[in-house]
Every structure is written in C-alpha cells, then in structure tokens.
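Read off the chains here:
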Amino acid sequence: MKTLNFSHNDKMPIIGLGTWKSKPGEVYKAVLTALKTGYRHIDCAPIYGNEKEVGNAIRDAIKAGVLTRKELWVTSKLWNDAHRKDDVIPALRKTLSDLQLDYLDLFLVHWPVALQPGVMFPKGSDDFLSLSEVPVAETWQGMEAAVDQGLVRHIGVSNFKLERVKHLVENSRIKPEMNQVELHPFLPQDELLKGCKELGLHLTAYSPLGSKDRSSAIKKDDEPLLLEHPAVKKVAEKRDCTPGQVLISWAVHRGTAVIPKSTNAGRIAENLNAAKVELSVEDIQFIAQIGPEYRFVDGSFWAMEGSPYTLSDLWG
Ligand code: NDP
C-alpha cells in the first residue's frame, strides 16, 4: 500500500475507509471487516454519529491481534460547534473517548464554518457564528494545543479553499498537513491540489465515488452518476477492474489519499484492491476530462437565508 509522508516520519496509508452515512448497526461490522481485509486507515467524524461503534470495532480488532494501534491511521474532525479555542480540546476528548483511543493520527477542522455551541445543523440565522466572531486563527490555536498535549499527531483542515489554506499556513505555529476535500473526475480541483502541494499539504479525496446514497435525505434528483459514466466504465473494461476501482485508482495516481465509504464486505475488499490497478497517463487524463463539473457536497446547508456564509466565499 502506498503511503503519504507526514512530519515525524509518519506515513498515512493512501486508501482509507470512509464512515459517513455508515449506519449505527452496520459500521461496527464494516470497520472490523475493513481492518481484517487489510485497511490501516479509517476516516471518522463526530457528526457522523457513529464514532462509538467505530471505536468498538478498532478495540476488538486490536484485541483479536488483527493489528496494533501503531499500525493504524485514524483521522477525525472538529465539528463546527466547537470552533472557539477553549472548546477544541473538550470536543477532541469526546471523540477520543468514543473511539477509545489515546491519540488521533490526524485531526481536521471539518468546515470553515462556525456554529453556536451545541448546534449540530443550523435551523436559522441565530445558530451561526461568523468567522469574524470566531476566526479560523482562534480555532487553530486550539488545534495546536491538541498537538502540544500529545492528543493528536498531525492537524489539518477540510473544505478549505486555497486562499484560506495559504492564510492559515502563513499565520500558524504548527502547519496544517492535510486538506480533505471533495475530489473526483467531476471535480478534479487541479489548482487546489497543486497549490496545497506547494504549501506542504496533502489532499484527501472525499466522496471519490460520487457519494451516492439513495436513502440520503440530502440527495438531489439531478445528480450525475459518476460510477455509471461511460468513460469510467470504458477504462474499467480496458483495465479489467470495476468502475469503483477506476475512480479510487485515479485518486491514488494523482497522489491524493482517498477514503471510499462502504459497509458491504465485497465492496470494502474491492475498494482496497484498487491499489493494484495500474492506470496509464492517457487513462488518467481521459477520466479527468469527462465532466460535467459537479460538487456532490455543495455546502448549501451553510448558506441558508440569514447565514453569514455564502457559497462563493466558501469555495472561491
Ligand atoms: P463515496 O463517494 O465513498 O460513495 C459511497 C457510496 O458508494 C455508498 O453508497 C457505497 O455503498 C457505494 N460504494 C462503495 N464502494 C463501491 C463500489 N466499489 N462500487 C459501487 N458503489 C460503491 O461517498 P462519501 O460521500 O461517503 O465519501 C467517502 C468518505 O469521505 C465519507 O464516508 C467520509 O468519511 C468522507 N467525507 C468527508 C467530508 C468532509 O466534509 N470532510 C464530506 C463527505 C465525505 P455501500 O456502502 O453499500 O457499498
């Protein structure tokens, strides 16, 4: 398995398991299956509502001798209601307690959006805090304190546009090492990838398969189907693999980490095996141009009427 290099000689396995929309009752089995199948990187977040079960699976895998804690890379994220400096460590401690871990390998600011303490999703304008009330710089001091206290090995961000990453890099004591963003052939974000690399950050590709979940309340009817795109299918046929593997391999070939979500044992194994799929430069360029440009997680829930956030400010 390829890895990405972090400070202190730490290495993040390039393919990880996503856990968003993995239902309680399913995620324990999914994570345990993934670890037994060979995954060594799990992507979590408190907002996914399933960190306790993820923690049980990690605990049981370690107990059963499947792996050691040191062999595993665990990422989690700071939710938007804990952006005040003094709220960061308590939120992190809750995640660590749920995951039954002493430390995280990577801790990310989930969104550059601040909510009032205790608000998971905003219902009205009063639920927001603006970035002038709680600047990212303040939140970042809490993130740095987490490193100082040995609770996390690396810190980073998620859903940050390049300008915001640059500002953070220039104004931080401990530099961000990761920006986790939506990346796939409908949203290749070449400039962001290049810019973050130049600034010393890796990217993780989220929703690499198009985030399709027919049971999801936030699914839109006009979403294009990435996994069923003829160009993806054509490369899959040529390389004798599945469309999902083409998309994961495409992310790997671009030097990003990639965290496909699945709770299905067959697809969990299939996705990890994408590490063995070789794509040519022509395949990669062919897939990169398929369009249409589309963002599955468009952030519109942060840009409701009366919110201090707009989509253009979010994405640039
Ligand atoms: P993905 O793009 O990973 O797609 C997941 C969907 O694809 C599920 O319905 C899954 O179904 C299905 N699937 C999985 N493998 C295959 C396959 N080989 N062939 C066909 N279908 C497949 O979506 P996500 O949006 O979940 O993104 C992945 C992860 O990224 C998240 O789980 C989360 O950890 C992270 N993320 C982070 C965000 C952030 O703001 N930082 C935002 C969004 C995601 P099934 O389970 O039945 O296999």
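Conventions adopted
Residues numbered from 1 in each chain as written. Predicted model: local features only at pLDDT ≥ 70, side-chain atom pairs only at ≥ 80, totals over all residues. Heavy atoms only, no water. Helix = DSSP H or I, 4+ residues; strand = E, 2+ residues; numbered from the N terminus. Buried < 20%, exposed > 50% of the residue type's maximum accessible area, 1.4 Å probe, protein only. Contact = heavy atoms within 4.5 Å. Areas by Shrake-Rupley, 256 points an atom, 1.4 Å probe, with all protein chains shown as cover. Lys, Arg positive; Asp, Glu negative; His and termini not counted. Charge placed at Lys NZ, Arg CZ, Asp CG, Glu CD. UniProt positions renumbered as here; feature names shortened; annotations may be inferred. Core = buried A, V, L, I, M, F, W, Y, C linked by side-chain atoms within 4.5 Å. Phe/Tyr/Trp six-rings, centres within 6.5 Å; stacked < 30°, edge-to-face > 60°.

Glancing now at the overall build of the protein chain. The secondary structure content of the protein chain amounts to 11 helices and 11 strands. Dimensions of the protein chain, computed from C-alpha atoms along their principal axes, come out at roughly 55 × 45 × 40 Å. Out of the 316 residues belonging to the protein chain, those deemed buried represent 55%. A fraction of 74% describes how many contacts in the protein chain between residues 6 or more apart in sequence connect residues 24 or more apart. Per element, the accessible surface of the protein chain, about 13,900 Å² overall, is 51% carbon and sulfur. Counting 39 positive and 41 negative side-chain charges, the protein chain places the centres of these two groups 5 Å from one another.

UniProt records the feature "active site" (unreviewed entry) for Tyr-48 in the present numbering. Here Tyr-48 lies in the loop between β3 (41-43) and α2 (51-63). The class of Tyr-48 is buried, set by a relative accessible area of 16%. Residues within four places of Tyr-48 in sequence aside, it is in contact with Thr-19, Trp-20, Asp-43, Lys-77 and His-110.

For helix α1 (residues 27-37), the full list of buried residues reads Val-27, Ala-30, Val-31, Leu-32, Ala-34 and Leu-35. Remark: Gly-38 follows α1 within two positions and exhibits a positive phi of approximately 125 degrees.

Once that is clear, we can look at the nonpolar core. With 83 residues, the main nonpolar core has Val-31, Leu-104 and Phe-107 as its most contacted residues. Aside from chain neighbours lying at most four places away, what touches Val-31 is Leu-17, Thr-19, Ile-42, Val-54, Ala-57 and Ile-58. Counting 16 residues, the second largest nonpolar core, distinct from the first, contains Trp-111, Leu-115, Phe-128 and Leu-129.

Note on aromatic pairs: each is described by the distance of the centres and the angle between the planes. Taken as a whole and assessed by the stated rule, the structure comprises 13 aromatic pairs. With a centroid separation of 5.7 Å and 70 degrees between ring planes, the pair formed by Trp-111 and Trp-302 is classed as edge-to-face. Residue Trp-111 is found in the loop between β5 (104-109) and β6 (114-115), and its partner Trp-302 is found in the loop between α10 (281-288) and α11 (311-315); the two are separated by 191 residues along the sequence. Residue classification places Trp-111 among the buried positions, given a relative accessible area of 4%. Trp-302 gets classed as buried once you look at its relative accessible area, which sits at 1%.

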